[in-house]
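Chain and residue survey
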Amino acid sequence: MKCEYCELISGSEKAEIIYQDDEVLAFVKEDAITPGQITVIPKEHFTILEMIPNKLLSKMVNVANKLGMAIFDTMGVQGTNILVENGLGAGQTVPHFSMHIVPRKENDNLALHWDPQQLMEEELEEDFIQIKSNAKEMSISDQEPKKEVTVSSGKTEVVLEDEGENYLLKSLKKRP
Amino acid sequence: MAEQQMTPEQCKELEEKLKKMSPDEIAELQKQQCIFCQIISGKIPSKKVYDDEHCIVVMDINPATRGHCLLLPKKHFAIMPQIPENILDHLFIVSKAMSKILLKSMRVDGTNIFVANGAAAGQRAPHFMIHIIPRKEGDKVMDIENHLVDLGIRQEIAEKIENRFNELMGIKKKVIKQKTLKEVEKEVEELDSGDKDEPEEEDFPEAEEDDDKDDNKKVEQGSDEDSDEEEPDEDDDSEDEKDDGDASLDDIANLFK
């Protein structure tokens, strides 16, 4: 499958590059939410956030943060957004992980907002219990969860989590 | 969350007060005034799903979608540039792990990681936070439209931001001046007429004559070229070498041999 960003990294597609090193590349995307938007991508092809090693993520965040400051200092804007569209459902259009830095001005009417929902207390509680119980097993290191999370049904948590990722990948590959 | 508007008199009074305060006192005042600091200290109850040394993750009570979580650094920072690098790294690593938890817990097709720096960017409270929002296609959250940006504008943006970014990253400014054909031709003429400025290429034959030091010199030349590519070029000789990739400049450089 052709990847737009990989072609850009290889140089076969031209781009306005602001920064690059061995691992990351920052450039001005051809199509953007608003002019001045900068996109940071890893040079290695990773589809979604969950696949990015922590060290690489830290580097991307550092570059994104400094880009945010540079945008603020040079573009005459009043704010910045950092946006990750992770997965097809989240608006990701290229199957290569990216982080966008978006310059913002008062009343620019960008759709980077949402209508807050009024949830029933029971709904909130239900989601809370579900998320909290899963978050208990949360590991922030890159290593796969250890064997101790084996589940009695014979299926392990590791397998379950892998399914989650694969599902996301599949949904991205379904794109025309 | 709703923000309280202050009258001009109150603003002035506050400003006067702030002027007399030490940085520690100001930090303490911010903490007292900040709803999210009170959530972190437990004064305001919340649905906390994660807690560690540097941050907590709580459920947003007015979520964009069900499962919307907020990651808050424990220390009070207003915006991202204020956060020390090691803490910021940690916050995003936790966001990554939280995203994975939400994909599983809410059975969604994606997540948005979203940060707003400044009120114009949609920031509603003066405490930095990372939104982690479960997403499904057609949920109408951040219904973003992309627009094509003209090449000229893109180039201008890249140029503007690049210099400041390099300063912030501590990268030495890269000045790679592309010479026009006319400039190069003029130089060639100058070189032909005067023997004073011998181009480096002419050192090669000399080096080859010297059998003993032949290998060493070649190595030196090689490393010189390498460093020239990375550093701003001051002298004309090395600039010609640097432009190896450009076919037309290559041809002109070959005239010397």
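Right above here is the structure, for reference.
Per-chain numbering applies: the sequence of each chain, read as written, is numbered from 1 onward. Here the convention is simple: chains get letters from A, ligands get numbers from 1, in the order in which they are written. Only residues with pLDDT of at least 70 get local features here, since the model is predicted, and only at 80 or more are side-chain atom pairs given and counted; chain-wide, interface and lining totals rely on the full set of residues.

Notes on the environment of Ile 144 of chain B
Under the convention used in this document: Secondary structure counts use DSSP, requiring at least four H or I residues in a row for a helix and at least two E residues in a row for a strand, with both numbered from the N terminus. A pair of residues counts as a contact when their C-beta atoms, built from backbone coordinates, are separated by no more than 7 Å.
With respect to the helices and strands, Ile 144 of chain B occurs in the loop between strand 5 (130-135) and strand 6 (147-148). If sequence neighbours within four positions are ignored, Ile 144 of chain B has contacts with Ile 33, Gly 91 and Ala 111 of chain A.

Details of the interface of chain A and chain B
Going by this rule: Throughout, the ten residues Ala, Val, Leu, Ile, Met, Phe, Trp, Tyr, Cys and Pro are labelled nonpolar, Asp, Glu, Lys and Arg are labelled charged, and all others, Gly among them, are labelled polar. By definition, two strands form a pair when at least two bridges between them are found by DSSP.
Contacts between chain A and chain B engage 71 residues on the former and 67 residues on the latter. Only strand 1 (16-20), strand 3 (31-32), helix 2 (54-74), strand 5 (79-86), helix 3 (121-135) and helix 4 (157-173) of chain A provide two or more residues apiece to the side of chain A that touches chain B. It is helix 2 of chain A that contributes the most residues to the side of chain A that touches chain B, 14 residues altogether. Of the residues in the side of chain A that touches chain B, the class split is 33 nonpolar, 24 polar and 14 charged. As paired elements, strand 3 of chain A and strand 6 of chain B share two bridges and run antiparallel to each other. Bridged to Asp 31 of chain A within strand 6 of chain B is Leu 148 of chain B.

Observations regarding the nonpolar core
Test applied: To form a nonpolar core, buried Ala, Val, Leu, Ile, Met, Phe, Trp, Tyr and Cys residues must be joined through C-beta atoms within 7 Å. For the exposure call, what matters is how many other C-beta atoms sit within 10 Å of a residue's own: 20 or more marks it buried, 12 or fewer exposed, and in between partly exposed, using C-beta atoms placed from the backbone.
One finds Ala 26, Val 40 and Leu 67 of chain A together with Cys 69, Leu 71 and Met 98 of chain B to be the most contacted residues of the largest nonpolar core, which totals 87 residues. Of the residues forming this core, the biggest block, 11 residues, is contributed by helix 4 (residues 85-106) of chain B. The contacts of Val 40 of chain A, once residues within four sequence positions are left out, are Val 24, Ala 26, Met 60, Val 63, Ala 64, Leu 67, Ser 98 and Met 99 of chain A.

Some words on the sheet that holds strand 1 (residues 48-51) of chain B
Adjacent strands of a sheet form backbone hydrogen bonds with each other and so pair up, either parallel or antiparallel. This is how it is decided: Axis definition: a line fitted to C-alpha atoms, over the contacting stretch in the case of helices. Angles run 0 to 180 degrees between N-to-C directions.
Pairing in this open sheet of 10 strands is antiparallel, and the strands run 1(A)-2(A)-4(A)-6(A)-5(A)-4(B)-5(B)-3(B)-2(B)-1(B) from one edge to the other. Edge positions in the open sheet fall to strand 1 of chain A together with strand 1 of chain B, since each of these has one partner strand only. On average, each strand axis in the sheet is tilted by 20° relative to the strand beside it, whichever way the strands run. Where strand 2 (residues 55-59) of chain B and strand 3 (residues 69-73) of chain B come together, five bridges link them in antiparallel fashion. Residue Ile 56 of chain B lies in a different strand from strand 3 of chain B, and its bridge partner there is Leu 72 of chain B. Packing against the sheet, helix 3 of chain A makes contact with strand 1 and strand 2 of chain B, and its axis sits at approximately 25° to strand 1 of chain B. In the packing of helix 5 (residues 151-169) of chain B onto the sheet, contacts are made with strand 1, strand 2 (24-28) and strand 4 (38-42) of chain A, and the angle to strand 1 of chain A comes to roughly 20°.

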